[in-house]
Amino acid sequence: ANYNKYDSNGFDFSLNTDYTRFQANPIEQKQPNGERVFGVATLSRPFLTPGTFIIPKVILNATAYQFDGPLLTNGATSATRVVPTFSLDSGMVFERNTSFFDRPFVQTLEPRAFYVYTPFRNQNYLPNYDSAQNDFNFATVYTENAFSGNDRISNSNLLTLGVTTRLIDPDTGAEAARFGVAQRLRFEDELVTLPGGVPVTDRFSDLLLGAQINWTPKWSVDATVQYNPDTHESARTAIGMRYTPSPYRTFNAAYRYQAPSSPTATDGDKSLDFSWQWPLNDLWGDKGQDLGSGRGQGGGRWYGVGRLNYSLQDKTLTDGVLGFEYDGCCWIGRVVLDRISTGQTTVNTRIMFQLELVGFASVGSNPRRTLTENIQRYTPLRQPSAGPSRFTNYD
């Protein structure tokens, strides 16, 4: 249950509450099953002008656990946790008119500083049901918590500094290019860890470099490099390409490299990633109708959707999504096969069916969420989507 109140005398307030029952094999998981209830209250006061923003925010996270059996760490059958967080997000936006390759642009220069303080609360004895370490990228570098999920809240006393420059089409507002750099400065060790994790003690994080070029609406190229100043090597590299000629037609390809996590490892992780959404009717010359985003391309059309993640060093398919969608005009059918690696030798495979009665209800599992999470620029057949906006400070 969630509640949000915006611009109440200048303040934004939200309250998110959740109850979850976790059930698995406790011997395999090495932790008992249990119930978790949490509430997260957030209060912020944005100060916004056309060229600046300052957003102080306070967060209070309260969590309670009830376990079916004693914890292996301390024998407790229940636990509570209350963690406060303070953050201060600030930045400036400078603009100038310029041109590149005889094409006019509005170029921005956007320095940004993000400070977060969360005091240490011992959580390492708690089970881990749904938390994971966030990847270090531009989507997470300006966030309060180093973990996803709700079982770990990192203690933080750090400052993130970054700068971004964008090229904006003055006629459409579309972003033609973006270049950014960011780095974290840590004032205290991060002591909260996942099971088997190691505390983070580096005072300076790796340098994050990123670029994205959308010179035409159809083509996009982006690259991210995580550079380690101490070793003078890249800890992580990702290069991607996207081709989207029209709605419901998109193809994505990416190469990713992760440096070895231990000194004894001889080679890092290298993978190829492909994903797509494409009308199968194109194969027999039926291009469909351009009804606009969120309205499909007419009845009687088949769509192929999927994602394949291939490990180059292991020469195996690590994750895969394959499926079909059929637009029957007033109803939509979906069949999706999902294969997810949950460990070095374990794999979960499931097949999902859904019948969607347009504008009324859906029957079956929800593969559309899986498609949205796995396929970049996936467009639901009957759901209008808002276009990208330049008036946001979040990626």
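Scoring rules and cut-offs
Every chain is numbered independently, its residues counted from 1 as its sequence is written. Local features are withheld for residues below a pLDDT of 70 in this predicted model, meaning they are given only at 70 or higher, and side-chain atom pairs are given and counted only at 80 or more; totals for whole chains, interfaces and linings count all residues. As a convention, hydrogens and water are excluded, and side-chain values are obtained from all of the structure's heavy atoms. Numbered from the N terminus, helices here are DSSP runs of H or I no shorter than four residues, and strands are runs of E no shorter than two. Burial classification: accessible surface area is computed with a 1.4 Å probe over protein chains only, and a residue below 20% of its type maximum counts as buried, one above 50% as exposed, and the rest as partly exposed. Within this analysis, patches are made of residues with over 30% relative accessible area and no salt bridge. Like charges are joined at 9 Å or less; nonpolar side chains (Val, Leu, Ile, Met, Phe, Trp, Tyr) at 5 Å or less. In this description, accessible areas are obtained by the Shrake-Rupley approach with a 1.4 Å probe, and a residue is regarded as covered only by the protein chains that are shown. Salt bridge, as used here: a side-chain nitrogen of Lys or Arg that lies within 4 Å of a carboxyl oxygen of Asp or Glu. Note on definitions: a residue-residue contact is assigned when non-hydrogen atoms from the two residues lie within 4.5 Å. The pairing test for Phe, Tyr and Trp rings, Trp by its six-membered ring, is centres within 6.5 Å, and the orientation test on the planes gives stacked under 30 degrees, edge-to-face over 60, and tilted for anything in between.

**Some details on unusual backbone geometry**
Of note, N9 is a non-glycine position whose phi angle comes to about 55°, a positive value. Along the chain, N9 falls in the loop between β1 (2-8) and β2 (11-22). On the basis of relative accessibility, which here comes to 74%, the residue N9 falls in the exposed class. The phi dihedral of H232 is positive, around 60°, even though this residue is not glycine.

**Describing a nonpolar patch on the surface**
A cluster of nonpolar side chains, Y3, F11, F13, L15, L43, F47, I54, V58, F86, L88 and Y117, forms an exposed patch at the surface whose accessible area comes to about 910 Å². Among the elements that take part in the nonpolar patch, β2 stands out by supplying three residues, more than any other. Here L43 is to be found in strand β3 (residues 34-44). Of the residues examined, L43 reaches a relative accessible area of 35% and is grouped as partly exposed.

**Some words on the environment of G299**
Residue placement: G299 occurs in the loop between β17 (269-279) and β18 (301-311). Under the relative-accessibility criterion, G299 is labelled partly exposed at 47%. Sequence-wise, G299 and P127 are 172 residues apart; in three dimensions their C-alpha atoms are separated by 49 Å. Filtering out sequence-adjacent residues up to four positions away, G299 remains in contact with D327 and C329.

**Some words on the pattern of salt bridges**
Where charged atoms from two side chains of opposite charge come close, those side chains can pair. On inspection of all chains with the given rule, the structure shows 22 salt bridges. Between D68 and R21 there is a salt bridge, with the nearest N and O atoms lying 2.6 Å from each other. Here D68, found in the loop between β5 (52-67) and β6 (78-92), pairs with R21, found in strand β2; they are 47 residues apart in sequence, far enough to count as distant. A relative accessible area of 36% places R21 in the partly exposed class. One salt bridge in this structure joins D169 and R103, with 3.5 Å as the shortest N-O distance. Of the two residues, D169 is situated in the loop between β11 (156-168) and β12 (175-186) and R103 in strand β8 (residues 103-118); the sequence distance between them amounts to 66 residues. What makes D169 buried here is its relative accessible area of 15%.

**Overview of the environment of G51**
In this structure, G51 sits in the loop between β4 (47-48) and β5. In this structure the C-alpha to C-alpha distance between G51 and Q383, which are 332 residues apart in sequence, comes to 34 Å.

**Quick notes on the packing of aromatic side chains**
Counted by the stated rule, this structure contains 13 aromatic pairs. For the ring pair F22 and Y129, a centre distance of 4.2 Å and an interplane angle of 5° mean the geometry is stacked. With a gap of 107 residues between them, F22 in strand β2 and Y129 in the loop between β8 and β9 (132-133) connect regions that are remote in the sequence. Like Y129, F22 is buried. Consider the rings of W219 and Y243, whose centres lie 4.6 Å apart with planes at 35°: the pair is tilted. Here W219 is found in strand β14 (residues 219-228), whereas its partner Y243 is found in strand β15 (residues 233-246), with 24 residues between them in sequence. Its relative accessible area of 26% is what places Y243 among the partly exposed residues.

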